[in-house]
Amino acid sequence: MKLKFKNDSTEALINKAQNDDFEALEELIRREEKNIYATLYYMNARCDEISDLVQEILFKVAKNIKKLKNPKTFRAWLNQITIRQFYDTLRKKQRTPIKITLENDYEDKNKEFEIPDNSTSPHECILNDELDLVIKKSIDKLKEPFKMTIVMRELQGLSYDEIAQATNSSIGTVKSRIARARCKLQEYIKPYMC
Amino acid sequence: MLKGNLTCTIVGKLLTHYVEDNLDKKYKEMVSIHLRNCPMCMEKYSVVKRLFNEAEKKRRLIKEREVMYEEISLYLDGEMDKSRINDFESILAKRKEYEEALLNISKLKRMLNNSFYKTKYTINTDDISEKVMEQLKTSGLRNSIRRFFTCFLR
């Protein structure tokens with residue numbers, strides 16, 4: 001964190017960024033990068049794709065920051081972009097056929113065949129605490145809208161109103177999604193609750 | 001058998017609608033006359049009615065549970081209407097299942113928050129924001145060059 005902006009609120013940073021202050025803009029997206037990264041991690045985006053996805057999302061945020069009319073709606077707006085980008089990637093992935101090529105085999109005969117390492121990635125190693133994995137798996141078991149809603153609520157601390165704006169749904173829907181997600185999660189995690 | 005102007009086959013078909021109270025007055029009357037006079041259909045009716053009641057009870061319980069979770073969630077998330085808080089707290093004091101669910105949800109919230117906090121602060125984002133700023137600067141430069149050339153070519 002840059003000391004210069006230490007005491008600035010997000011809204012103050014947005015105002016500065018909208019007035020072409022590049023340093024403020026950088027600080028703003030730096031503050032949000034971990035939030036988005038973790039959100040995508042719990043949304044179960046592929047580990048090697050999360051960085052690219054976060055970069056694309058933050059680029060969109062940085063590029064369009066002037067279009068944001070009310071700084072108070074920043075979190076909802078940011079999450080709207082995150083959701084759209086996440087589903088876009090999912091859709092594209094479904095459309096792209098898997099390509100299998102034999103060319104490399106002819107070119108590097110001497111090269112040792114690399115076996116993909118499907119075991120835990122560095123990120124997961126850190127999180128290799130059993131409970132954390134149980135929590136991640138339990139969230140993964142939830143259906144898509146419930147997953148997104150509970151991650152936005154508990155991980156990012158968004159209010160019900162902000163979640164409704166980000167997901168384009170009514171407050172009533174958000175309320176029932178949160179309640180049902182908690183009900184389900186509690187069932188899954190029950191054996192680990194003491 | 002023709003009783004109440006209806007045969008047993010037709011009554012069999014109408015039975016579920018009769019139990020769910022979806023028939024109009026005329027048919028309802030005809031079915032009930034038939035049931036009073038036909039023990040076979042009456043037996044069928046009692047089985048269907050019992051199943052229907054059980055399903056209804058289950059549905060009601062699920063609904064009640066959902067309402068309870070919704071209220072507790074609102075309360076814990078600080079999203080409950082101020083006017084409702086007092087009423088809710090008195091329900092909480094009276095009903096044990098509410099108290100139990102409240103404890104469970106707050107435990108769950110704590111667990112999730114701890115886990116999320118740990119994840120958030122152990123991930124390495126490889127300075128993505130710096131890369132984004134670089135990307136932004138180059139794209140800005142590219143745009144100004146493009147603008148310059150379009151003006152120039154005109």
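Source: prediction; values computed, not measured.

Caption draft 1: How the structure looks around the overall build of chain B. Scanning chain B from terminus to terminus reveals six helices and zero strands. Scaling as 2.2 N^0.38, a compact globule of 154 residues should have a C-alpha radius of gyration of about 15 Å, whereas chain B reaches 33 Å, well beyond that. Considered along the principal axes of its C-alpha atoms, chain B spans approximately 95 × 60 × 35 Å. Going through the 154 residues of chain B one by one, you find that 16% of them count as buried.

Caption draft 2: Up close: the overall build of chain A. Across its full length, chain A holds 10 helices and zero strands. Within chain A, contacts between residues at least 6 apart in sequence are counted, and of these 62% link residues at least 24 apart.

Caption draft 3: Representation of helix α6 (residues 128-153) of chain B in the model. Spanning 26 residues, α6 of chain B covers 37 Å between terminal C-alpha atoms, matching the ideal 38 Å at 1.5 Å per step. All of the buried residues along α6 of chain B are I128, S129, V132 and M133 of chain B.

Caption draft 4: Molecular detail of the packing of helix α10 (residues 171-189) of chain A against helix α5 (residues 96-122) of chain B. Interhelical geometry of α10 of chain A versus α5 of chain B gives an angle of 80° and a closest axis separation of 10 Å. Viewed along their axes, α10 of chain A and α5 of chain B adopt a mutual orientation that is roughly perpendicular. Along the contact surface, α10 of chain A presents R182, L185, Q186 and I189 of chain A, while α5 of chain B presents N104, I105, L108 and M111 of chain B.

Caption draft 5: Looking closely at the interface of chain A and chain B. The interface of chain A with chain B comprises 37 residues on the first partner and 30 residues on the second. Counting only elements with at least two residues in the side of chain A that touches chain B, the list comes to α2 (22-42), α3 (47-64), α6 (122-126), α7 (130-141) and α10 of chain A. With 10 residues, α10 of chain A is the largest single contributor of residues to the side of chain A that touches chain B. Taken together, the residues that form the side of chain A that touches chain B break down as 21 nonpolar, six polar and 10 charged.

Caption draft 6: Structural detail: the domain arrangement of chain A. All names here are of chain A. Examined at the domain level, chain A breaks down into domain 1 (8-97) and domain 2 (125-194). The straight-line distance from the C-alpha centre of domain 1 to that of domain 2 is 20 Å. Contacts between the two partners involve 12 residues from domain 1 and, on the opposite side, 14 residues from domain 2. Only α2 and α4 (74-95) provide two or more residues apiece to the side of domain 1 that touches domain 2. The dominant element in the side of domain 1 that touches domain 2, judged by the number of residues it contributes, is α4, at five residues. Counted by class, the side of domain 1 that touches domain 2 contains five nonpolar, six polar and one charged residues.

Caption draft 7: Up close: the confidence of the model for chain B. All names here are of chain B. Of all residues in chain B, 97% have pLDDT values of 70 or greater, and the mean over the chain is 87. No element of chain B has a lower mean pLDDT than α6, at 79, and none a higher one than helix α3 (residues 39-76), at 93. Taken together, the chains of this predicted complex give a pTM of 0.72 and an interface ipTM of 0.72.

Caption draft 8: The arrangement of unusual backbone geometry in detail. All names here are of chain A. Positive phi outside glycine occurs at D20, with the angle close to 65°. You will see that N168, though not glycine, has its phi angle at about 55°, which is positive. Of the residues examined, N168 has 9 C-beta atoms within 10 Å and is grouped as exposed.

Caption draft 9: Region of the structure containing the packing of α2 of chain A against α3 of chain A. Residues and elements named next belong to chain A. Packing of α2 against α3 leaves a shortest axis separation of 10 Å and a crossing angle of 140°. Looking at the two axes, α2 sits oblique to α3. At the point where α2 passes α3, the crossing takes the right-handed sense. In this structure, α2 uses L25, I29, E33, I36, Y37, L40 and Y41 to contact α3, whose residues at the interface are I50, L53, V54, I57, L58, V61 and A62.

Caption draft 10: Local environment of the environment of K66 of chain A. Residue and element names in this part refer to chain A. Position of K66 among the secondary structure elements: in the loop between α3 and α4. The exposure class assigned to K66 is exposed, which follows from the 10 C-beta atoms found within 10 Å. Counting along the chain gives 47 residues from K66 to N19, while the straight-line C-alpha distance between them is 8.2 Å.

Caption draft 11: Representation of the nonpolar core in the model. L40, V54, L58 and V151 of chain A are the most contacted members of the largest nonpolar core, which totals 54 residues. Mapped onto the domain boundaries, this core takes at least three residues apiece from domain 1 (8-97) and domain 2 (125-194) of chain A. Look past the residues within four positions of V54 of chain A in its chain and what remains in contact with it is E33, I36, Y37 and L40 of chain A together with T125 and I128 of chain B.

Caption draft 12: Main features of the environment of A101 of chain B. Residues and elements named next belong to chain B. If you trace the backbone, A101 turns up in helix α5. By the C-beta count within 10 Å, which is 21 here, A101 ends up buried. Residues A101 and E20, spaced 81 residues apart in sequence, show a C-alpha to C-alpha distance of 33 Å. If near-sequence neighbours (up to four positions away) are discounted, A101 is found in contact with M68, Y69 and I72.

What counts and what doesn't
Residues numbered from 1 in each chain as written. Chains lettered and ligands numbered in written order. Predicted model: local features only at pLDDT ≥ 70, side-chain atom pairs only at ≥ 80, totals over all residues. Helix = DSSP H or I, 4+ residues; strand = E, 2+ residues; numbered from the N terminus. Rg over C-alpha atoms; globule rule 2.2 N^0.38 Å. Buried ≥ 20, exposed ≤ 12 C-beta atoms within 10 Å, placed from the backbone. Contact = placed C-beta atoms within 7 Å. Expected span 1.5 Å × (residues − 1). Axes fitted to C-alpha atoms, helices over the stretch in contact; angles between N-to-C directions. Parallel < 35°, antiparallel > 145°, perpendicular 65-115°, else oblique. Nonpolar A, V, L, I, M, F, W, Y, C, P; charged D, E, K, R; others polar. Domains from an automatic or database assignment. pLDDT = per-residue confidence, 0-100. Left-handed = near helix turned anticlockwise from the far one by under 90°. Core = buried A, V, L, I, M, F, W, Y, C linked by C-beta atoms within 7 Å.

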